[in-house]
Amino acid sequence: MIQKDVIVVGAGAAGLFCAAEAGKRGRSVLVIDHAKRIGGKILMSGGGRCNFTNMYASPENFLSDNPHYCKSALSRYTQWDFIGLVNDYGIAYHEKTLGQLFCDNSAKDILNMLLKECDKAGAQVKTQCEITDIQKTVNGFALTTAHGDFACGSLVVATGGLSMPKLGASPFGYKVAEQFGLAVKPTRAGLVPFTLHDHDKAVFADLSGISLDARASCNDTSFNENILFTHRGLSGPAVLQISSFWEPGQAVEFDLFPNGDLHQELVSAQNQSPDAQLATALAKYYPKRYVQTALPYLGLDNKPLKQYQGKQLQQVSDAFHHWQLKPNGTEGYRTAEVTLGGVDTNQLSSKTMMAKDVEGLYFIGEVVDVTGWLGGYNFQWAWSSGWVAGQVV
Ligand SMILES: Cc1cc2nc3c(=O)[nH]c(=O)nc-3n(C[C@H](O)[C@H](O)[C@H](O)COP(=O)(O)OP(=O)(O)OC[C@H]3O[C@@H](n4cnc5c(N)ncnc54)[C@H](O)[C@@H]3O)c2cc1C
């Protein structure tokens, strides 16, 4: 039986960060992962450039049944602390948009930094190691694994959510929570493209690759970014963002002229070029291919502008400002960036991430019912929750 002070299960963002922090305090730390290659999500993230944090990260950017839970960790280890570490390692980065920080070169820079931090702190990482049993002991926990038996005083569960099973995602963390009597909030895919009903899919099939500025709204929440038609459905940042707020069966409203008043624009176009067709006027703002598809889809005629009378231009404008779409569903965990729901925060200490009723058992990162928006927030939660636990395990 190999004894460690701390065993972290899951060598992802939260687990590696926590392990390094605990190691720096002189704790003996072992990180166990069942995957062959670790940090898979880090390497894939941000299109290979890892959007590692957001300059404007704050508790408002997170979804949870208990929105207060994340506040303590986010304030004790902030985005500026992580940016400081990235600077210390000389990793070049840039702000892409909306405070989102990406590596200039590669997400590998972030994974290498985490591995170096672990190495410096003496935290070991064991890969391809399945854990088959966990038992509570007088002094902590006993683990049975494919590589022998281990014991530890503190057990940190950092196995992430269910998205992207190909990258090693598993329900392990939820099962451990249930084994020790902790509730798990229902999980579902978040930050995920929408799939469409057959009718919409057939209409939009030819628009694959077109992106539009839009404000997507659902359940009193709006995101002003762009949407992207794909051969499978609808994606793009605004869609991914709103997917986390959408419930099956609901409609999403898209304002396809989010930064102005389309009615006013059409009225001026009518005054200036009364003989121009509506499609020509709209092509000033949208790709032609989109206009050709959108007009019949939205039930609008294409006539010379002078023929639109009374409220007719207002109706055209309303159709673009208030496009209601009922998605068929989402692409699910296969392509989702995150998992909503998870270990119930009411049963965890927000100061330490330890289960209130199970001494020595910690949950950090995405396995917990804290989910960030798109834009570097999910990694910031991994760093903040990992750091907090790392100070006490
Ligand atoms: C394609 C993609 C792109 C993303 N891009 C971004 C981005 O740019 N910015 C951002 O902030 N967030 C992004 N995210 C979300 C972010 O990657 C996650 O929120 C974050 O990685 C969660 O960290 P974690 O440590 O909790 O879990 P993970 O990083 O998922 O790590 C969990 C680890 O646990 C291991 N594990 C699972 N089950 C077991 C088991 N039974 N036994 C042992 N080990 C196990 C896994 O192999 C994995 O190594 C992206 C996600 C995806 C899928």
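Since the structure is predicted, the reported quantities are computational estimates derived from the model, not experimental observations.

Chemist: How do you make sense of the overall build of the chain when you look at a structure like this?
Modeler: Each helix and strand in the chain was counted, giving 13 helices and 21 strands. By the burial criterion, 55% of the 393 residues in the chain qualify as buried. Across the chain, every contact between residues at least 6 apart in sequence was considered, and the portion connecting residues at least 24 apart equals 73%. Carbon together with sulfur atoms contributes 48% to the accessible area of the chain, which is approximately 16,800 Å² in total. Of the side chains in the chain, 33 bear a positive and 37 a negative charge, and the two mean positions are spaced by 4 Å.

Chemist: Got a minute to help me understand helix α9 (residues 262-272) in this structure?
Modeler: Each full turn of the α-helix corresponds to 3.6 residues, which orients residues three or four apart in the same direction. Along α9, the positions that sit buried rather than exposed are L262, L266, A269 and Q270. Across the axial projection of α9, the buried residues extend over an arc of 100°, all falling on one side. Set apart from the buried face of α9 by more than 90 degrees, the exposed residues are Q264, N271 and Q272. Tucked into the core, α9 has its buried residues touching α10 (278-282) and α12 (312-321). For α9, the capping residue at the N-terminal end is D261, with a side-chain oxygen 3.0 Å from the backbone nitrogen of H263.

Chemist: I would appreciate a short explanation of the packing of aromatic side chains in the present structure.
Modeler: Here the distance between the centres and the angle between the planes together describe a pair of aromatic rings. Taken as a whole and judged by the stated rule, the model has 25 aromatic pairs. The interplanar angle of 25° and the centroid separation of 5.6 Å between the aromatic rings of Y77 and W387 together place this pair among those described as stacked. Taken together, the positions of Y77 in the loop between α3 (69-76) and α4 (79-88) and W387 in helix α13 (residues 377-390) put the pair 310 residues apart, joining distant regions of the chain. Each of the two residues, Y77 as well as W387, counts as buried. Ring pairing ties together the aromatic residues F17, F52, Y77, F82, Y93, F379, W383 and W387, which thus form one cluster. Sitting over the ring of F102, K96 keeps its end group 4.8 Å from the ring centre.

Chemist: I tried to follow the pattern of salt bridges on my own but got confused; where do I start?
Modeler: Taken as a whole, this structure holds ten salt bridges when the rule is applied. Between E21 and K24 there is a salt bridge whose closest N-O contact spans 3.0 Å. Linking E21 with K24, this pair stays in helix α1 (residues 13-24), spanning three residues, or about one helical turn. Using a relative accessible area of 46% as the deciding quantity, one classes K24 as partly exposed. Within this structure, E21, K24, E117 and K120 form a network of salt bridges that share partners.

Chemist: Before we go on, may I ask you to explain the side chain of S317 in this structure?
Modeler: Note that S317 resides in helix α12. According to the relative accessible area criterion, S317 is buried, its value standing at 1%. Within the structure, S317 has its side chain in polar contact with the backbone nitrogen of H263 (distance 3.4 Å). Once residues lying within four places of it in the same chain are set aside, the contact partners of S317 are L262, H263 and L266.

Chemist: Mind showing me how you'd approach the nonpolar core here?
Modeler: Ranked by size, the top nonpolar core spans 83 residues in total, and within it F82, I110, L143, L361, F363 and W381 carry the most contacts. Listed in part, the 45 residues of the second largest apolar core include I242, F257, V316 and L340.

Chemist: Would you mind going over the sheet that holds strand β3 (residues 51-54) with me for this structure?
Modeler: By way of backbone hydrogen bonds, the strands of a sheet pair with one another, either parallel or antiparallel. A sheet is described by the order of its strands in space; here three strands give the open sequence β3-β6-β5, paired in antiparallel fashion. The outermost strands of the open sheet, each flanked by one partner alone, are β3 and β5 (93-95). With strand direction ignored, the average angle separating the axes of adjacent strands in the sheet is 25°. Direction of pairing for β3 relative to strand β6 (residues 100-103): antiparallel, over a ladder of three bridges. Residue T53 lies in a different strand from β6, and its bridge partner there is L101. Contacts from α4 reach β3, β5 and β6, with the element oriented near 140° to β3.

Chemist: What exactly am I supposed to notice about the sheet that holds strand β15 (residues 233-235) here?
Modeler: In space, the seven strands of this open sheet follow the order β17-β16-β13-β14-β15-β12-β18, with antiparallel pairing throughout. With one partner strand each, in any of the chains shown, β17 (323-325) and β18 (329-330) form the two edges of the open sheet. The strands touched by α12 are β16 (252-255) and β17; relative to β16, the strand with the most contacts, the crossing angle is about 120°.

Chemist: What is the right way to look at the side chain of T78 in this model?
Modeler: Tracing the sequence through the fold places T78 in the loop between α3 and α4. Of the polar contacts made by the side chain of T78, one reaches the backbone nitrogen of W80; its length is 3.1 Å.

Chemist: Please clarify how the environment of T339 should be interpreted in this entry.
Modeler: Considering the arrangement of structural elements, one finds T339 in strand β19 (residues 338-343). Its relative accessible area of 0% is what places T339 among the buried residues. Each C-alpha atom, one on T339 and one on L16, is 20 Å from the other, the two residues being 323 residues apart in sequence. Each residue touching T339, except ones within four places of it in the same chain, is listed here: G161, L162, S163, Y174, T187, R188, Y333, E366 and T371. One polar contact links the side chain of T339 to the main-chain amide nitrogen of S163, over a distance of 3.3 Å.

Chemist: What should I look at first to understand the packing of α4 against helix α5 (residues 108-120) in this one?
Modeler: Two numbers describe a pair of packed helices, the interaxial angle and the distance between the axes. One way to put it is that α4 packs onto α5 with a least axis distance of 11 Å and a crossing angle of 90°. In this view, α4 runs roughly perpendicular relative to α5, as classed from their interaxial angle. Every residue of α5 that contacts α4 at F82, L85 and V86 is listed here: I110, M113 and E117. When grouped by side-chain class, the residues that make up the contact of α4 with α5 number five nonpolar, no polar and one charged.

Parameters at a glance
- Residues numbered from 1 in each chain as written.
- Predicted model: local features only at pLDDT ≥ 70, side-chain atom pairs only at ≥ 80, totals over all residues.
- Heavy atoms only, no water.
- Helix = DSSP H or I, 4+ residues; strand = E, 2+ residues; numbered from the N terminus.
- Buried < 20%, exposed > 50% of the residue type's maximum accessible area, 1.4 Å probe, protein only.
- Contact = heavy atoms within 4.5 Å.
- Areas by Shrake-Rupley, 256 points an atom, 1.4 Å probe, with all protein chains shown as cover.
- Lys, Arg positive; Asp, Glu negative; His and termini not counted.
- Charge placed at Lys NZ, Arg CZ, Asp CG, Glu CD.
- Arc of directions from axis to C-beta.
- Polar contact = N/O pair within 3.5 Å; in protein donor to acceptor, adjacent residues only side chain to side chain.
- Phe/Tyr/Trp six-rings, centres within 6.5 Å; stacked < 30°, edge-to-face > 60°.
- Lys NZ or Arg CZ within 6 Å of the ring centre and 35° of its normal.
- Salt bridge = Lys/Arg side-chain N within 4 Å of Asp/Glu carboxyl O.
- Core = buried A, V, L, I, M, F, W, Y, C linked by side-chain atoms within 4.5 Å.
- Pairing = 2+ DSSP bridges.
- Axes fitted to C-alpha atoms, helices over the stretch in contact; angles between N-to-C directions.
- Parallel < 35°, antiparallel > 145°, perpendicular 65-115°, else oblique.
- Nonpolar A, V, L, I, M, F, W, Y, C, P; charged D, E, K, R; others polar.

Purely geometric numbers; function is a separate question.
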